[in-house]
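Residue-level structural notes
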Amino acid sequence: MRVPESKFSPVTVELVEKIRMWRNSPRIRANMFDDTEIQPQQQQRWFETLAVSSDRQYKVFYQDSKPIGMLSFSEIKKESCFWGCYIGEEAVWPGTGVLLAVAALDYAFNTLDVQLLSAEVFEDNASPIKMHKTFGYAEKPDRFAVTKGGKRVKVKCFEYMKQDWEKNREKILCKLPKQIREAADSIVFE
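Below or above, wherever it landed, is the structure these notes cover. (Residues numbered from 1 in each chain as written. Predicted model: local features only at pLDDT ≥ 70, side-chain atom pairs only at ≥ 80, totals over all residues. Heavy atoms only, no water.)

1. Observations concerning the side chain of glutamine 43
Within the secondary structure layout, glutamine 43 lies in helix H3 (residues 40–50). A polar atom in the side chain of glutamine 43 sits 3.2 Å from the backbone oxygen of valine 16. Apart from the residues within four sequence positions on either side, glutamine 43 is in contact with Val16, Ile19, Arg20 and Ile38. (Helix = DSSP H or I, 4+ residues; strand = E, 2+ residues; numbered from the N terminus. Polar contact = N/O pair within 3.5 Å; in protein donor to acceptor, adjacent residues only side chain to side chain. Contact = heavy atoms within 4.5 Å.)

What follows is the structure in structure tokens.
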């Protein structure tokens with residue numbers, strides 16, 4: 001199986017509407033704290049604020065030059081930040097979610113240079129919970145949240161320390177299929 005080229009680039013004006021379409025899909029909205037449908041003018045304001053924001057970054061995930069999803073970092077401080085992601089396209093290379101996870105850890109610790117990366121996942125979103133456990137995230141106490149749509153949800157909380165990723169990265173990647181390891185080692189950030 002051929003390994004795809006994986007690249008993460010800043011959001012461009014040309015992709016604002018595509019990102020809104022991804023984000024508004026029921027599959028993705030169901031796992032968002034703000035689960036309301038985003039209108040075009042709201043999306044445009046979001047894009048305009050990205051250029052002046054110092055506490056959040058969004059990267060478009062390209063696979064073989066095709067935009068397929070998003071990687072986000074929020075509440076960026078000197079010591080820590082949160083991350084999230086979604087795959088907007090349906091037909092993607094097997095292992096794409098794992099590549100997002102590797103990219104998040106590498107970017108947070110090597111580019112943002114934070115010491116702690118946090119993630120929150122709805123308790124019924126099994127795939128990311130399994131992935132966080134596989135990668136060795138520390139589980140923190142669960143919490144409850146209310147989505148913008150008014151639904152009360154239980155949230156699983158995870159943390160990863162930079163020093164632990166530096167120690168564990170190669171061991172974790174060695175447990176993955178060869179193609180995913182190769183793809184993870186060739187991720188590019190712009």
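2. Describing unusual backbone geometry
Look at serine 65: it is not a glycine, yet its phi comes out positive at around 70°. Relative to the helices and strands, serine 65 is located in the loop between strand S2 (57–63) and strand S3 (66–74). What makes serine 65 exposed here is its relative accessible area of 56%. (Buried < 20%, exposed > 50% of the residue type's maximum accessible area, 1.4 Å probe, protein only.)

3. Description of the pairing of strand S5 (residues 116–122)
As a general feature of sheets, a regular strand has side chains that alternate between the two faces. Most of S5 is tucked away, with 6 of its 7 residues classed as buried. Relative to S5, strand S4 (residues 80–87) runs parallel, the two sharing 3 bridges. In the strand pairing of S5, phenylalanine 82 is matched with serine 118. For the crossover from S4 across helix H4 (residues 96–111) to S5, the handedness is right-handed. One ladder, built from 7 bridges, connects S5 with strand S7 (residues 152–161); its direction is antiparallel. By the bridge assignment for S7, phenylalanine 122 is matched with valine 155. (Pairing = 2+ DSSP bridges. Right-handed = clockwise from strand over helix to strand, strands pointing away.)

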